[in-house]
Amino acid sequence: MEITINNQPVTIPDDGLTVQDLLYRELSDKQNGIALAINNTVIPKTEWSNHYITENDHILIISATQGG
Amino acid sequence: MEPFKLADKTFRSRLFSGTGKFGSTAQMEAAILASESELVTVALKRVDLQKENDTLLTALQHKHIHLLPNTSGARNAKEAILAAQLAREALETNWLKLEIHPDPKYLLPDPIETLKATEELAKLGFVILPYIHADPVLCKRLEEAGTAAVMPLGAPIGSNKGLKTMDFLEIIIEQSKVPVIVDAGIGAPSDAAKAMELGADAVLVNTAIAVAGNPERMAEAFKEAVIAGRKAYEARLAPIATNAAASSPLTSFLYE
């Protein structure tokens, strides 16, 4: 199925990927200090393993960077 | 120097620092440590799936440092609320520097959207430090909305112009029931000292340290200026007079 991650189109398998599966697939071990929203709703870490990705989801993944 | 109590934290240092614009992460870490700041701002960015994670958070992992994520990049209350929720999730803190500046040329804060966002974020349990214009009326409205502090600007972000808003900062400090942290525009340690002498509870400095010739030394200079300014405020400045008032005895011992 087609989704977007940070505005980039990404194709993922159709068979029930959770947020946790998706993050592992896309970021492997770079998951420290990140947060994620799907269609402008934040998905808390505690729900990553039971929230499923659906077709056309717009996924936003952020982390901290330098700023004032 | 009195410690500074803000929401659930007590700070020994009244200098808060930003992490932007440093030449390298190592330089930033050295300057932040030299500043002795205990509250340090970070921004949010979209994760680049192709790139390695940057080492920012590792560099800021010191026992005395608390992170203050900002909502820079948000152009309205709705975007700021989403950014705030993401920041809370990513950095595990409910502290937030709320900044909403739709215009990239002057980066001036939008008062209406900032007030709206403050009302919503207070209900969601955030400790809100809003970056605002030095507007005393807005400060009172933010207080009613449940802000933890107000952060009026001295001059536009990164301009290093100093306390252009001084007269209004004085009114804000006089009236405010929440701590006042002067943010933005502070260009020199003397500006920071002045803000503290006026009675600001703390100052937030980034560009003036980060782009100085020697950021680490400048951080130290700011640390000392903030301490000096605060001590002067606590000691209560001597009054200003129009006429001279002799400090030495005026007995005419050389003639007569």
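Treat the numbers as computed from the prediction; the structure is a model and nothing was measured.

What follows concerns the UniProt feature "binding site: 1-deoxy-D-xylulose 5-phosphate" (unreviewed entry) in chain B. All names here are of chain B. As recorded in UniProt, the sites labelled "binding site: 1-deoxy-D-xylulose 5-phosphate" (unreviewed entry) are Gly158, Ala184, Gly185, Asn206 and Thr207. A stretch of 50 residues holds the annotated residues, and the largest C-alpha distance among them is 9.2 Å, short enough that they meet in one place. Inspection of the secondary structure puts Gly185 in the loop between β9 (181-183) and α7 (189-198). Here Gly185 falls in the buried class, since its relative accessible area comes to 5%. Not counting residues within four places of it along the chain, the set of residues in contact with Gly185 comprises Ala155, Pro156, Ser159, Asn160, Lys161 and Gly162. Overall, Asn206 belongs to the buried group, its relative accessible area being 13%.

So, on to the pairing of strand β5 (residues 58-66) of chain A. Look at any regular strand and the pattern is simple: side chains alternate between the two faces of the sheet. All names here are of chain A. In terms of burial, β5 is a largely internal element, seven of the nine residues being buried. Direction of pairing for strand β1 (residues 2-5) relative to β5: parallel, over a ladder of two bridges. Its bridge partner being in β5, Thr4 is matched across the sheet by His58. Inspection of the sheet shows strand β3 (residues 34-38) paired to β5 by five bridges, in the antiparallel sense.

Residue and element names in this part refer to chain B. There is a patch of nonpolar side chains on the surface, built from Phe253, Leu254 and Tyr255 and spanning about 460 Å² of accessible area. On the secondary structure map, Phe253 appears in the segment after α9 (215-235). Phe253 sits in the exposed class, given a relative accessible area of 70%.

Turning to the confidence of the model for chain A, a few remarks are in order. Confidence in the prediction for chain A averages 91 pLDDT; 100% of positions are at 70 or higher. Considering each helix and strand of chain A separately, the mean pLDDT is smallest for helix α1 (residues 19-27) of chain A, with a value of 90, and largest for strand β4 (residues 41-42) of chain A, with 96.

All names here are of chain B. Strand order in this open sheet of three strands is β6-β7-β8, and the pairing throughout is parallel. Of all the strands in the sheet, just β6 (95-98) and β8 (151-152) have a single pairing partner and so form its edges. Here strand β7 (residues 127-132) pairs with β8 via two bridges, running parallel. Residue Ile132 lies in a different strand from β8, and its bridge partner there is Pro152.

All names here are of chain B. Relative to the helices and strands, Lys9 resides in strand β2 (residues 9-11). Asp8 provides the closest opposite charge to the buried, unpaired Lys9, separated from it by 4.1 Å. Excluding its chain neighbours within four sequence positions, the residues that come into contact with Lys9 are Phe4, His66 and Trp95.

Attention shifts here to the packing of aromatic side chains. Residues and elements named next belong to chain B. Per the stated rule, a full pass over the model turns up four aromatic pairs over all chains. For the pair Phe4 and Phe16, a centre-to-centre distance of 6.1 Å together with 20 degrees between the ring planes defines the contact as stacked. Within this pair, whereas Phe4 is found in strand β1 (residues 4-6), its partner Phe16 is found in strand β3 (residues 15-18), the two being separated by 12 residues in sequence. A relative accessible area of 3% places Phe4 in the buried class. The buried category is assigned to Phe16, whose relative accessible area is 2%. With 5.2 Å between their ring centres and 65 degrees between their planes, Phe11 and Phe16 make a pair best called edge-to-face. The exposure classification of Phe11 matches that of Phe16, with both residues buried.

Basis of the calculations
- Residues numbered from 1 in each chain as written.
- Chains lettered and ligands numbered in written order.
- Predicted model: local features only at pLDDT ≥ 70, side-chain atom pairs only at ≥ 80, totals over all residues.
- Heavy atoms only, no water.
- UniProt positions renumbered as here; feature names shortened; annotations may be inferred.
- Helix = DSSP H or I, 4+ residues; strand = E, 2+ residues; numbered from the N terminus.
- Buried < 20%, exposed > 50% of the residue type's maximum accessible area, 1.4 Å probe, protein only.
- Contact = heavy atoms within 4.5 Å.
- Pairing = 2+ DSSP bridges.
- Patch = residues over 30% accessible without salt bridge, like charges linked within 9 Å, V, L, I, M, F, W, Y side chains within 5 Å.
- Areas by Shrake-Rupley, 256 points an atom, 1.4 Å probe, with all protein chains shown as cover.
- Salt bridge = Lys/Arg side-chain N within 4 Å of Asp/Glu carboxyl O.
- pLDDT = per-residue confidence, 0-100.
- Lys, Arg positive; Asp, Glu negative; His and termini not counted.
- Phe/Tyr/Trp six-rings, centres within 6.5 Å; stacked < 30°, edge-to-face > 60°.

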